[in-house]
Structure formats: structure tokens, C-alpha cells
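Here is how the chains run, residue by residue.
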Amino acid sequence: MLKILIEKELKAIILSPKFSATFSVCAILIVLSVFIGLRDYQAAVAQYETATTLSNQEMREQTSWMSLNTRAYREPDPMQIFVAGVQNDVGRLSSINAFSQIKLENSNYSDEPIFAVFRFIDLTFIVQIVLSLFAILFTYDAINGEREGGTLQLTFANAVPRVQYILAKFIGSWLGLVLPLLIPLLIGLLLLLLFRVPMTGDHWAKLFTLIGASFLYFTFFIALGLLVSALTKRSTTSFMFLLVAWVTLVLIVPRAGVMLAGQITPVPTVAEIDGQREGYAKERWKQHMDALTERWEERNAGLQNLTAEEREAFRDDHSWDWMKEDEEERKLVQRDISEYDRKLNEDLRNRKATQERLGFLLSRFSPASSYQLAAMHLAGTDISIKPEYEDAMRDYRDKFISYREQKQKEEGGGMAGGFRIEFNSDTGMKISGDRDSGAIDVTDVPVFEAPQYRFAAGLLPAMPDFGLLTLYTLLAFAAGFVAFLRYDVR
Amino acid sequence: METTSTNEAVTNHAVNSPSQSRAMLAADNLTKRYEDGVLALDHVTFEVNQGHIYAMLGGNGAGKTTTINLFLNFIEPTEGEARINGIVTHKEPLRAKEKIAFVSENVMLYPNFTALQNLDFFARLGGQTGYSKDDYREVLLRVGLQEEAHNKRLKGFSKGMRQKCGIAIAILKDAPAILLDEPTSGLDPKAGFEFIRLLESLRDEGKAILMSTHDIFRARDIADTIGIMNQGRIVMQSQKSDIAGEDLEKLYMKYMAGYMEQVN
Amino acid sequence: MLKYIIEKELRDMISSTKFVVTFAICAVLILLAFYTGAQNYRVSQSQYQAAKTENLRQLEGLTDWIMVRNFRIFLPPEPLAALVTGISNDIGRSVTVQGRGELATQDSRFSDEPVFAVFRFLDLDFIFQIVLSLFAILFAYDAINGEKERGTLRLTFANAVPRAQYILGKIIGSFLALAVPVLLAILLGCLLLPLLGVHLNGDEWLRLGLMIFAGLLYFGVFLMLAVFISSLTHRTSSSFLLLLVIWIFSVLIIPRTAVLLAGRAVDVPSVDEIASQKNRLRSQLWSEDRKKMSEFKPTQNGDPQTMVSEFNKFMSEAADEREKKMNELASRLNEDRHNKQAVQEKLAFGLARLSPAAAFSMATTNLAGTSMDMKAHFLSEAQAYQKTYAEFMQSKTGMNIGGGAMVFRMRSGDGEEDVEKPIDAKELPEFNYAGLPLDRVVGAALPDLGILALFNLLFFAGAFVAFLRYDLR
Ligand SMILES: Nc1ncnc2c1ncn2[C@@H]1O[C@H](COP(=O)(O)OP(=O)(O)O)[C@@H](O)[C@H]1O
Ligand SMILES: [Mg+2]
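Let us look at the structure shown here. (Residues numbered from 1 in each chain as written. Chains lettered and ligands numbered in written order. Predicted model: local features only at pLDDT ≥ 70, side-chain atom pairs only at ≥ 80, totals over all residues. Heavy atoms only, no water.)

Moving on, we get to the interface of chain C and chain A. How big an interface is tends to be reported as the loss of accessible area on association of its parts. Each partner contributes to the interface: chain C provides 96 residues, whereas chain A provides 104 residues. Between chain C and chain A the total buried area reaches about 8800 Å² when both faces are included, carbon and sulfur atoms providing 68% of it. Counting across the chain C and chain A interface gives 7 salt bridges. One salt bridge in this structure joins Asp-40 of chain A and Arg-264 of chain C, with 2.5 Å as the shortest N-O distance. With 17 residues, helix α11 (residues 236–265) of chain C is the largest single contributor of residues to the side of chain C that touches chain A. Here the residues of the side of chain C that touches chain A are counted per class, giving 53 nonpolar, 22 polar and 21 charged. (Contact = heavy atoms within 4.5 Å. Buried area = accessible area lost by both parts, 1.4 Å probe. Salt bridge = Lys/Arg side-chain N within 4 Å of Asp/Glu carboxyl O. Helix = DSSP H or I, 4+ residues; strand = E, 2+ residues; numbered from the N terminus. Nonpolar A, V, L, I, M, F, W, Y, C, P; charged D, E, K, R; others polar.)

With that out of the way, let us pick up unusual backbone geometry. The phi dihedral of Arg-119 of chain A is positive, around 65 degrees, even though this residue is not glycine. Its location among the elements puts Arg-119 of chain A in the loop between α4 (114–118) and α5 (123–139).

Attention now goes to the pattern of salt bridges. On inspection of all chains with the given rule, the structure shows 58 salt bridges over all chains. Put simply, Asp-341 of chain A and Arg-277 of chain A hold a salt bridge, and the shortest N to O gap is 2.7 Å. Here the residue Asp-341 of chain A occupies a position in helix α12 (residues 308–363), and Arg-277 of chain A occupies one in helix α11 (residues 270–301), the gap between them amounting to 64 residues. Of the two residues, Asp-341 of chain A and Arg-277 of chain A, both sit in the buried class. A salt bridge links Asp-107 of chain C to Arg-72 of chain C; its shortest N-O distance comes to 3.1 Å. Taken together, the residues Asp-107 of chain C in strand β3 (residues 105–108) and Arg-72 of chain C in strand β1 (residues 71–74) connect sequence positions 35 residues apart. As far as burial versus exposure is concerned, Asp-107 of chain C and Arg-72 of chain C are alike and both buried. Members of the salt-bridge network, linked through shared partners, are Lys-103 of chain A together with Arg-72, Arg-93, Asp-107 and Asp-112 of chain C. (Buried < 20%, exposed > 50% of the residue type's maximum accessible area, 1.4 Å probe, protein only.)

For Phe-126 of chain C, the location among the structural elements is in helix α6 (residues 124–140). Discounting residues that sit within four places of it in the chain, Phe-126 of chain C has contacts with Leu-251, Ile-252 and Arg-255 of chain A together with Val-131 of chain C.

For the rest of this paragraph, the subject is the arrangement of the chains. Contacts are most numerous, across the 2 pairs of chains in contact, for chains A and C. In this structure chain B stays clear of chain C, and the shortest span between their C-alpha atoms is 12 Å.

Residue and element names in this part refer to chain C. Spatially, 3 strands are ordered β1-β2-β3 in an open sheet, and the strand pairing comes out antiparallel. Edge positions in the sheet fall to β1 and β3, since each has one partner strand and no second. Strand-to-strand twist across the sheet, computed as the mean angle between neighbouring axes with direction ignored, equals 35 degrees. Two strands pair when backbone bridges link them, and β1 and strand β2 (residues 92–97) are joined in this way by 4 bridges, in the antiparallel orientation. (Pairing = 2+ DSSP bridges. Axes fitted to C-alpha atoms, helices over the stretch in contact; angles between N-to-C directions.)

The strands making up a sheet associate through hydrogen bonds between their backbones, and the pairing can be parallel or antiparallel. Residues and elements named next belong to chain B. Here we have 4 strands laid out as an open sheet, ordered β2-β1-β4-β5, and antiparallel in their pairing. Looking at the sheet topology across the chains shown, the edges are occupied by β2 (39–48) and β5 (87–88). Pairing analysis gives 2 bridges linking strand β4 (residues 79–84) to β5, with the strands arranged antiparallel. Along β5, the bridge assignment pairs Ile-84 with Ile-87.

A word on the interface of chain A and chain B. Listed as interface residues are 28 residues of chain A and, on the opposing side, 25 residues of chain B. For the pair chain A and chain B, the summed buried surface comes to about 2400 Å²; carbon and sulfur atoms form 64% of the total. Between chain A and chain B we count 1 salt bridge in total. Across the pair Glu-7 of chain A and Arg-124 of chain B runs a salt bridge whose closest N-O atoms are separated by 2.7 Å. Of all the elements, helix α1 (residues 2–15) of chain A adds the most residues to the side of chain A that touches chain B, at 7 residues. When its residues are assigned to classes, the side of chain A that touches chain B shows 14 nonpolar, 7 polar and 7 charged.

Okay, the environment of Leu-109 of chain B next. Tracing the backbone through its elements, the reader meets Leu-109 of chain B in the loop between β6 (100–103) and α4 (115–125). The spacing of Leu-109 of chain B and Arg-153 of chain B is 44 residues in sequence and 9.9 Å in space, taken between C-alpha atoms. What Leu-109 of chain B contacts, discounting residues up to four positions off in sequence, is Gly-149, Thr-151 and Leu-154 of chain A together with Asn-118, Phe-122, Leu-154, Cys-165 and Ile-169 of chain B.

Written as C-alpha cells, this is what we have:
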């Protein structure tokens, strides 16, 4: 019986104009989105490669260790083809040097605002918005449409169990919607192979899980469509309700949830944090300068009753040590400041995390949010890329700086490449030149290692959303089931 | 309540019904009060045996469709029960429905399917999986649907064509009981006549047929028993033989009027 | 006759439950957009004030203007930008001014708070673009073929009704029935603004008015389109399907695809390449100057203070020299980039305008001042400020110390601590951001308003002609 019902359902769907509409729209959109994503990814890779090459070249052209700085770049990942997430919003690079904070700057959208005007189109977007709409289109009249058409009566004049009927409706609509997806999806995968996108096993696992999540997501809308269709007598009514539900769930709730959370739990602004940091730094430097002054006074005190020549000789003897001592002190201050900065960042991050959790929690009242969050976690384009990359870059900066200082020490004292300006009440102003060592050998500079996004690492945070999606789907299906059992077939 | 109108019927009857005492379709004090308080059926009792046609006569709103819906378990009775081959419909609807075929007042089928596709689906729903395309064609020809229409989508079918498909579906199911709700309304006279012949041949095959109609003359033509229904009650029930000589129209009006007087 | 038809259409629409439900939702969403816009504006306002105060606070305690190494200026939030966010959250909100050198915007809202980038904001542009268009389709998809299915079309034309008047009445009636309630909701939202503490000036009201006008035009496009499609088809289910597909394409697909495809079709040199070339020149110039520095000899030995200022002047001149060379390279590189960007933009937006949704979005963002021009305008304002800033510094310190110049802090080694007076940060010229002038804003929005009007006309004519040949049976 079930087989007969499913067969009929499929046949009816395939013969209907909405099937051909869905099929062509899905085919165009999926292939298009994969193609655009691919081109975008390739452009990003090219940009990344030139940028890193150029940055390395700049390093090679440096003539002194002291002024050696570099930049670390965020690496493009093939998964961004399918789930752009926030990867266009988060900065691509941070400069790596002793004076400035690690901060991802130059996001794609701020560099090229033209792409920010209408944003991106990726598989997630298509599934989230277009496919859910089609799922509704497929099921809004599943039950009440047959009632209006009179075929429901005729069907139930036969010994047809209602359970099997609703199950067949569900399976039939599901298959009817999956079929138009499979072919373009396959073409999309072929495109990946054709363009030699470097997909690892992990990537494939992520991609297939993503496709699974997509199926789960539109299954919810199929169940929802059946539910509303089994609750209403007229298909125009059910369609209106579903459209309203769709607008609310897909377009409104996610945004409203996050915005609400933003208002409930305010987070200190970047400017405030910068202010705190700089305030501390200023205080610390002032301390340092005061101590320095004192120390110099002490040092000079020892010279008080020497002759000019003796003083000069004494200074020449000690100046190097003094400078070293001062330098050590300076480094200590720097360390303190970066320690404080770390603490501030930690604090800010915790408060942000609270806000984000609340925002996402509220937005998860909609399966569309759950789906998108799961997809972003899987693809590694969720908002945690920012802190994760910044952490990795901070570690890298420490490594880079200690390497640099090491080199500085090894190759000609602390000041190679810098210059020294002396004021001497006896000899006046003296700028001692540049002890440039010519080119420096940067072949063994530590290389920035981007954080790796393993499949399992993405799957884990996505699990709650998978669970939620399943729950929503089961609830909608169960409710539809119950509603249909009491449906008046006349 | 035995009929002896045709010899064939008697033989068929004997062959097909092992338990003569049990009626194929039985309404037993069937009562239905809708949620809004309308008492649509008021303790209706009747039986239809195999090889019999029972015609429910009555005006609009008399309760005919309600009766049929109760047999189909589309609604549940407030009181009493409807039985099909002894099976109480609202207790075991699935088992009961295996025994009946139904033709509605306005047969509606899947507009995107062809006649053959519709037939195939509903025949299989009715438990008949062994038919071939030729069987479908044969039945469609038997109910009078021209060959050209067999492979056309139902979208463009007229009401008469759809009714024919509906009866074809009922025939294909080959159930011992057939329910028809005003099947001839909207048919042209020729189609109506052919339809009546078809019903007779089905009766002769031994089917128990319950048909609602407001066409007095057709009812008298083929019914073995006629029940006149008004405001949810059977106000008169008589065998064909009993009213053979009488003017059914007058009788109908008389009962309706009489009933009205009784009420007032 | 026309009056009767319009009247009937109005009554028919307004009396349906569909109308009540949908309108209620639409009104709630529009009000929500105004509310969240106002709230967002207030949040940005306080963030802006905090940032500004903080920036000034950092100058506290400095004793010499020469110690002011860099100064940050901020993009002030604007109420219209909160209502129609455009790219305002994507571009940096602050610029560090040093007195010379190229400027770059930093700290975009979305990169600072990516949580908002995930689902983005619920602004007026979004609500209008998506909800109004769906609303129009939902009500007009069965304008003609629905009457046919119900049989009322035949009954109507059994009377002496001219077809032209009928379709005209239909369009006018449904537009009035739907646009008036929407307009009411919008006006209510506008009233909400002052109540929520958002005050617009005359110019801004005018711009908001034009934005609403654009919204009505956009609404009209989809209404006409729906009537058009409805009079091309005979079944409501097919007209709805067709309209939904058109809606998906014009609202969701065409704008994005057009920009992405055009963006990749034109190769614009990446910021990284340009930045790298600049970096290389900078370090090359710097190492040349370093050689010169070691040859520096003060004219006379004596007071370290005069020696230092002499040295600083020398450095400042060297920096000026370097900047001139940098500017040459930068303008060459930037010009190339700008030219290619212009081509890219023209192509992308030209294609995108095939969709009324894109035209609407560009009209409103232009009116709100959050279109593509926003970044360039902010940067040019900042550039102008940098000049004032440099002049101020010149007047205070006798030189422009920005960029890579060095600042010496004198600590006298001889014991006597001279107590210096702290500087008054309030003396610094303020950054008075002037948004895009009204005429430029309106001028930029006009072509898109024209396109929307054209779409209206086109679909209206289409509906008219199609209905004249409509099969009434
Ligand atoms: N779903 C319903 N709810 C309430 N009353 C109903 C319903 N269906 C039918 N009725 C009422 O029951 C009575 C019998 O209706 P029906 O069986 O359809 O009559 P018939 O088929 O003989 O014309 C009528 O008065 C009708 O108004
Ligand atoms: Mg009836």
C-alpha cells in the first residue's frame, strides 16, 4: 500500500509544473553558486599567494634585523565555496611586529565594498532560503489540496490506513524535492574535481555532512508544510500561513535574535578596550621613564667629582652596559603591556562569547539559524575564526619576535640596523651611523601556521544544531501526523 | 425482504452469499448530530442485501450524503452503527472499506494524470494489483468513455466523463458493495440511461448497491427497495413490487407533505 | 464605471482575512525595522562618543604637541544609516591621522563584532525589499485569473464594461488598498523616531521621504508585475509559481550573481599588491634617508633643545621628500585601481539593475548615504581633515611630524627637572564629518528611481495589453 501511495505521490509531483520550476531553478542556482564560489575561492587563493610571496620578498629585502616585520595572512579554505559564513567580514591579515596589536584587518568586504552591497551567494544561502521556499511550495497543499480536489474522499473510500497515507505524502514530497537537487549537486562536485580544488578527505567529509544537514533542514520545511496543510481546509490559507512562517523563521527570527542579544548584553567597544590598553601602556611607560631618569641621575651622581676626560672615559666604558640594562628594562615593560593586553582580550572575548551565545540561542528558535550555524561550524567559517586566527597569530608574533631578538643578539649587538643618538654636554650631538649588515638571511624565519579545521573539530560544535534540527523536524512531523489522523477528509 | 425481480439475481444471490440472513449493508439506528447541533440523521435503519439496489430518495439536506459518509467512516455516528458485511465501520474502518466501492456526487481525480493512470492508482489502492492496461481500457469502454480520452489528462474532462471514470474505478475494485451519491446528477439523458443499465448489470453480478438520488423516476426504474428520506429520517420504505402500480411522484409528495404536517 | 471597479476592488481586498493577517505582520515588521534602526543608532552613537572621548583622553598628560604621534577620527553614526545600513557596517569606522601619508579606514563593525555579520541587520531596506515585494505578489497574483476561476469575470463582462477601464480600476484599486496601509505603517514608524530619541533634520526628512517614495515605486513594480502575470495565465497556481520564481531571481539571485560575476570578470589589482609595492618603496626610501641621517650635523653645538629641533626639522623635510615620492607611486597605483574598479562597478551594477530589487536597494542606500560612495567620501573627508591637522601641528610645533619621523623626548641628564605644561587636547581641530550633500545624494539616487518608474510603466503596459487580449471564458 505504502509503495502504491509513494509511487503516485512521486508521479503527481513530477508531472506538476512546480517540479519543473524547482528543478530548473535549483539546477541553475546550485551550479551557479558552486561556480561563483569556485571562482571566488581561486581568486582568494591567488590573492593569498601573491600576498604571502610579496610579504616574504619584503622581508628578504630588509637590511636589518631590528626593522624586520612581517604580516600573517588567513588562508582560504575550499569549504568557503559552500559556506561563506563570516569569512568575507573578518579581516584577512594582521601585521606581525612588536609595536602593534594582533588584529585581523582588511576584510574582503571592507577592501572591496562592492561585494558587500549584495553579499554572497553560496550553497547554504540557496538551501536556507530558496529550498525551504520550494519545500513549502511542495507541501502546502499536500493534504488540503487533495481534499479540495476531491481525491482525498475517493482515496479514503478504500482501505487506506491514514498513517501510511501521511507517511507516503512525506516520503513522496521528500523524494520529489531531493531528486531535483541530486543532479545539480553532482554537477557541482564534478566542477570541484574539474577545477582541481584541493579537497582533502576531511573536506569531503565536511561537504557530505553539510549536504546531510541541508537535507535535514528542508525536511523540516516539508514536515511543516504537511503539518499546516493537515491543519487547514483550504490550500490558499495554508499557503499564506506557511509564507508568513517562512518569512518569520528564515528572515526575521535569526536577525532579531542576535540584535536582541546585542541589546541585552552590551560588550565594551573596541575603542574602550583600546583606551584601557593604551592607558595602561602610558602609565607603564611613564613609570619606566621615571625609573630611567632616576637611574641616570644615579649614574651621573657617581661622576660628579671627576674631570671631563675621566667622565668621558668612564662613560665609554659603561655606556654599553647601561644601554643593555635599559634595554632589558624596556623589554620588561613591553612584556607587561602585552600581558595586560592578553588579559583585556580574554575579558573582552568572554563577554563577547556571552553575547554571542545568547544571540545564537535566541536565533535558534528558527531552524534556519540552526542550519546556518551548523553549516558554518562544519565549514570553519563561523565567528570563531577571528579569535582562533588571532590567537595563532599572537603565538606566531611571540615566536617571530623572539627569533628576531635572537638574531639581533647573534649578529652584532642589540642595535644593529638602528642608530644611536648621543647628546653629550661635552661633545654635543652625535648620530652614530647605521651598522647595516647589508641583506639579512631570513630563510629560517618561523612561518605562520594557520589553525587547522579538522572535520571532527567542526562537527562537534555543530552537533547541538543537528540535534535541534532533528528535534524541530520530528516535532513538526509528529504534529502533522496527529493533525492528519483527525483530519476531516470530506 | 427478498426480491424475485429477475431469475439471474436469485441465482447470483445464492452463489455469492453464503450467509443469506446477513445483509451486506446495514444501517442500525444510525444517528448523526453535527458539531453545530444539526441533527442530520435520526435513528435510520435499513438493510441492503447482495444483488439488491437500495435507492435513498430525498431533497437537498435530507441526510443522504451523511448516511453514505457514515458508511465510509468519513464521520463517526453519534448513535447506532453502519455495518458492511457485518463489520461495524467506525470500529474497523479498514476492513470495512475493503468491501465497498464509492462513487461520489462529483467524481474528482488527479488532474495531471491520464484516465488510465488514475484508474491504475485507484485500482491498486482498492487492492486490485493484477490488472493490465487492456483491462482498464475494457472497463472504460464498458462505462462508455471513448477510446480517445483514455490517455488524456483529467484536466479537460467534463463532469460526465469524470463520473464514468468514477464508476469504472468502482467496477475495478470489484467490491461486494457499492455506494453511489447522486451519481447521475449532471449527466445527459443518454449517459444517465447507460449508467442505469450499468448499475443493473452490476446488481446482476450480485453487488449490494446503495444509491442516493433525487430522481424519482430513475429510482423507480431500477431500485429493488426505495427509502424516502426527509429531515434525517426514513419516512417511507417499500419494495419495488409494492409500489409498482402507484404513482411514485404522488407518493413522494404525499410523504413529504405528511411528514411536514406531522412535524408542524 | 471606473469608480465602481475601484470601489469593488478596495472592498474585496480589505474584507479578506488574508489582508488583515498579512497587513498586521507587515506593519509589525516595518515598525520593528524603525525600532531596531533607532536602537542601533543610539548604540552606535554611544560607541562613537565613547571612542571619541577615549581618543582625547589619551592625549591627556602629554606636554608637547610633538608627542601626539597619531590621532584617530571617527565616522559619526547617522540615523538614516541605521535605518538603511548599506555597507556602513562593512567599512572601517575610524581613520588614524598622522599628518601625512595615505589614510585607511579601520575597525568595521562586522569585523569587530562578527556575530552581527552572521545574520546581519533587520533594516528598512531589507524589510521593504523582501516583505513588500512578497506582500504585493501575495495579493495580486490572482487579480485576473482568480476572478476567472471564481467565475466572476464572465459575470462582470456580461455587462457593458470596457476592458481598459476594468484593468485600470483593478490596478488602481489594489494599489490603493495595499499601499495606503503600508504607508500608514511607515508613517507610524517615522513618528516613532523622535519618540525614540532620534531626531532628523530637514534634509534627512526629505531623504527619508524619497526613500519611502522609492519603496512605493518598488512596491508598484511587483504589483504591476503580478497583475501582468495574472493576465497572462489562466490558473492562479501557475501565476503564483511563476511570480515566486521571478521573485526569487530578482530579489535573491540576480543582484548577488551580477556583482559576483562582474567582480570576477574585471581584474582589479588587490590591495595587498598595492600595499606591498608601497611598503617596498617606503623601506627603500627610509634606508636611503638613514644614510643621510648619519651625515647630519647640527649647525652649532650647544643647547640640546635647539639641536633636537634642528634635527627634527631635518627629519621633517626628509619625510616631506619621502612623502612626495610615495604619493607619486600611490597615485599611479591607485589610479589604475580606481579605473578598474569603476569599470567593475559599472558592469556589476548595470547587470544587477536588471532586478528591480537591486535598483531599489541602490536608490535607498544612495539616499541614506550608505552606498558604495560612503567609503570614498569618508576617506576624502578624512584626507581634508588631515590637512587641517597637519597645519595645526605645523603651527604648534613648527613642523609636520607625521609618518615615519622621530620624536625625541628630552630627559635632561643634569638633574634639573623642568616641569612642562600639559597640552590642551581641545585645541586640536575637530573632525566635522559632513555627509554627502543632498544634491549629490539625490542625484545618485535618481537613475535608480527612474529605473523603478520604468519597470512600473513597462509592467503596467504589459498588464494592459495582456488583459485586452485575455480570454474571458
Ligand atoms: N459538516 C457539516 N456540519 C454541519 N451540518 C452539516 C454538515 N454536513 C451536512 N450538514 C447538514 O446535515 C444535513 C444533511 O446534509 P446532507 O447529508 O449533505 O444532505 P443531502 O446529501 O441529502 O442533500 C443538512 O441539514 C446539512 O445542512
Ligand atoms: Mg448530498
